[in-house]
Every structure is written in C-alpha cells, then in structure tokens.
Amino acid sequence: MNPIKDALECYWASKRLQRYLDSDPDGQLSPDEIKRLETHVRVCDRCSKVAGQHRTLRSALSKWALSSAPSQDSIDSLTAFLGELETGEKST
Amino acid sequence: MDCQQAHPGSDQRARFRHWVEPEIEVMLRVAHTLTGNKADAEDIVQDALIKAYAAVERFDGAHPRAWLLTILRRSHLNAVRKKVPLPVEQPEVFAPQSRQGSPEQLVMDSSMDGDLKRAFHTLKPAAQELVYLVDVHGLQYAEAAAVLDIPIGTVMSRLKRSRDKMRSQLSASPAFVQAVESMKS
C-alpha cells in the first residue's frame, strides 16, 4: 500500500467520476479509463462513497422534474401553433 | 415575422413537425427555467417556433434539440432586452406533488428535499441554471452549452464544481446520508 500513489489515484478518479456517471456523448471516457476508474472505485472506500453520494444527488434532483413539468394545456397549445405555422394561417 | 414570407416547401414542413413536436416539452421546461414563469415561457417558445420554421431549410437535421434550444436562447435574449430578467426558476414555487410511500419515508423525503433545496441555493445563479438544465431537465452537455452559450468544457467544469459543492453540503444531512445508504442496498 502506497498512500501517495493511492491519493493520486483518488485525484485521478475524482476528475472523471461525474463524466463516468453522466455517460454524456461529449464527456465519454476511453475504455481504459472506464476500466481503471471502475477498478479503483471498487477498492477505494472514499471514492465509492463519493460515487454513491453523486448517484443519490442525481436521483434526488431528477425528481424535481416531476413537479416542474409543463402543463398538458401548454404542450397542446404549442402543438396546435405548430399546425398553424404549417398551414401559414398564423403570422406575428 | 410573417410566416408566409418564409414558408418552406412540403418536405421541409413534414420534417419540421417530425423534428420539433417531440421537443416542445423540453423547450417549455428550458424556457420556464430561463424566464421563471409559465406565460413568458410559452411566449418565447412560440417565438422560437416561428424562427425555427423560417430557418428550417437551412437546418441539416442533425441534433434538432440543440438547434431548437439555440434558437430558444436567442428568443429569450430578445425578450429580456425588453424587460428585467427574472431569476432562475425556484423549486419552492412548484406545485406540491402527491407522494407515495410509508410515513417514515415521506418524512425522510421531505427532509431530504429541504436539505437539497438549501444546498442548491448555495450555488451562484449561473450554476443553479446549469444544474437545473442537466440534472433536472436531463439535457446533454452540448444542449446545455447551446442554451447558455458557453463551451462544453465550461459545462463540464461548472457542473463538477457545483455538484461537488452540493454533495459537500449534503454530506452533513442525515436524510441524505440515509438516502445514500438506501441506494447501496
């Protein structure tokens, strides 16, 4: 066990953890990075805990979407507006 | 703008609906975050739809959501030139939703949500806006970059700092700690 090496690995992992969890097309890690990160998170209690906290945070924030959803009336109204645009009946 | 002056051909019309209709909900969500209220949100989405329709012949069909959100941002900028902008949408104003679960779970959810809101409000407005777009509305990095007119690298670094700050704040919340443990099992 090498504390300095471990700390450097934690630092490396911390720079990539959120991109790994997001799986965004513009933030993808390489297969080697994914393998290295997953291996580290499995054996590192601290990084495993941080990963769990991020997953919980993301899950909690995503629930706000339920209470901020637009009304069906708004969606229907704008969908109808699309139809008006297409038929050229509406001008502003 | 007069729609009839820039009326695309029938192919473009068909594609326009195909591209735009599935994105109306996310446009409304983002517009609400940008404007802070329903009426202004609908106004800027409507304005963005008109502009998108006029420009559809120049659109190559790739990434319609990012294209529409870029137009939406411009519509929002035009709107705020006319009046003082409202702050980012505040979660407190949302209508309460019916929740399901045991009484203990409801108490923990409520406590967790309060702690989450407090952590969220420690962020600067620009950071709140970004977290809302990505973590609440589910936008991808490129889509959030288009809405906020910032580079994707800035999206990633700002998100990381913001989430780390919230996570740090929440690590002192018993409800959050319990939620983390629950997710493990």
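Further up the page is the structure itself.
So, here is what we can say about the structure in this document. These numbers were taken from a predicted model, which means no experiment stands behind them.

Criteria and cut-off values
Residues numbered from 1 in each chain as written. Chains lettered and ligands numbered in written order. Predicted model: local features only at pLDDT ≥ 70, side-chain atom pairs only at ≥ 80, totals over all residues. Heavy atoms only, no water. Helix = DSSP H or I, 4+ residues; strand = E, 2+ residues; numbered from the N terminus. Rg over C-alpha atoms; globule rule 2.2 N^0.38 Å. Buried < 20%, exposed > 50% of the residue type's maximum accessible area, 1.4 Å probe, protein only. Contact = heavy atoms within 4.5 Å. Areas by Shrake-Rupley, 256 points an atom, 1.4 Å probe, with all protein chains shown as cover. Lys, Arg positive; Asp, Glu negative; His and termini not counted. Charge placed at Lys NZ, Arg CZ, Asp CG, Glu CD. Buried area = accessible area lost by both parts, 1.4 Å probe. Salt bridge = Lys/Arg side-chain N within 4 Å of Asp/Glu carboxyl O. Polar contact = N/O pair within 3.5 Å; in protein donor to acceptor, adjacent residues only side chain to side chain. Nonpolar A, V, L, I, M, F, W, Y, C, P; charged D, E, K, R; others polar. Core = buried A, V, L, I, M, F, W, Y, C linked by side-chain atoms within 4.5 Å.

What about the overall build of chain A?
Tallying secondary structure elements over chain A gives 4 helices and 0 strands in all. Mapped from its N terminus to its C terminus, chain A presents α and β elements in the order α-α-α-α. Taken against the 2.2 N^0.38 rule, which gives 12 Å for 92 residues, the C-alpha radius of gyration of chain A at 22 Å runs more than 25% over that of a compact globule. For chain A, the spread of C-alpha atoms along the principal axes amounts to about 75 × 25 × 20 Å. Sorting the 92 residues of chain A into buried and exposed places 42% on the buried side. Long-range pairs, those at least 24 residues apart, make up 55% of the contacts in chain A between residues at least 6 apart in sequence. Split by element, the accessible area of chain A, about 5,400 Å² in all, is 52% carbon and sulfur. Averaged over its 13 positive side-chain charges, chain A has a centre that lies 14 Å from the centre of its 14 negative ones.

A look at the interface of chain A and chain B
Facing the 43 residues of chain A at the interface are 53 residues of chain B. In total, about 4,300 Å² of surface goes out of reach between chain A and chain B, with carbon and sulfur atoms giving 65% of it. It is Trp64(A), Leu78(A) and Glu86(A) in chain A that bury the most area against chain B; as a group they hold 17% of the surface buried on that side. Joining chain A to chain B, the criterion identifies 2 salt bridges. Here Asp22(A) and Arg163(B) are joined by a salt bridge, their closest N and O atoms 2.9 Å apart. Our count for the chain A to chain B interface comes out at 14 residue pairs in polar contact (both at pLDDT 80 or more). When residues of the side of chain A that touches chain B are assigned to their parent elements, the largest contribution, 16 residues, is made by helix α3 (residues 45-67) of chain A. Residue composition of the side of chain A that touches chain B, by class: 15 nonpolar, 19 polar and 9 charged.

Describing the nonpolar core
Nonpolar side chains in soluble globular proteins generally cluster together in the buried interior. Core analysis: the biggest nonpolar cluster contains 63 residues, and Val30(B), Leu49(B) and Met166(B) have the highest contact counts within it. Among the elements that line this core, the one with the most residues is helix α3 (residues 38-55) of chain B, at 9 residues. The residues touching Val30(B), leaving out its near neighbours within four places in the chain, are Leu69(B), Leu72(B), Leu133(B), His137(B), Leu139(B) and Val147(B). Trp12(A), Leu21(A), Val41(A) and Cys47(A) belong to the second-largest nonpolar core, a separate cluster that totals 12 residues.

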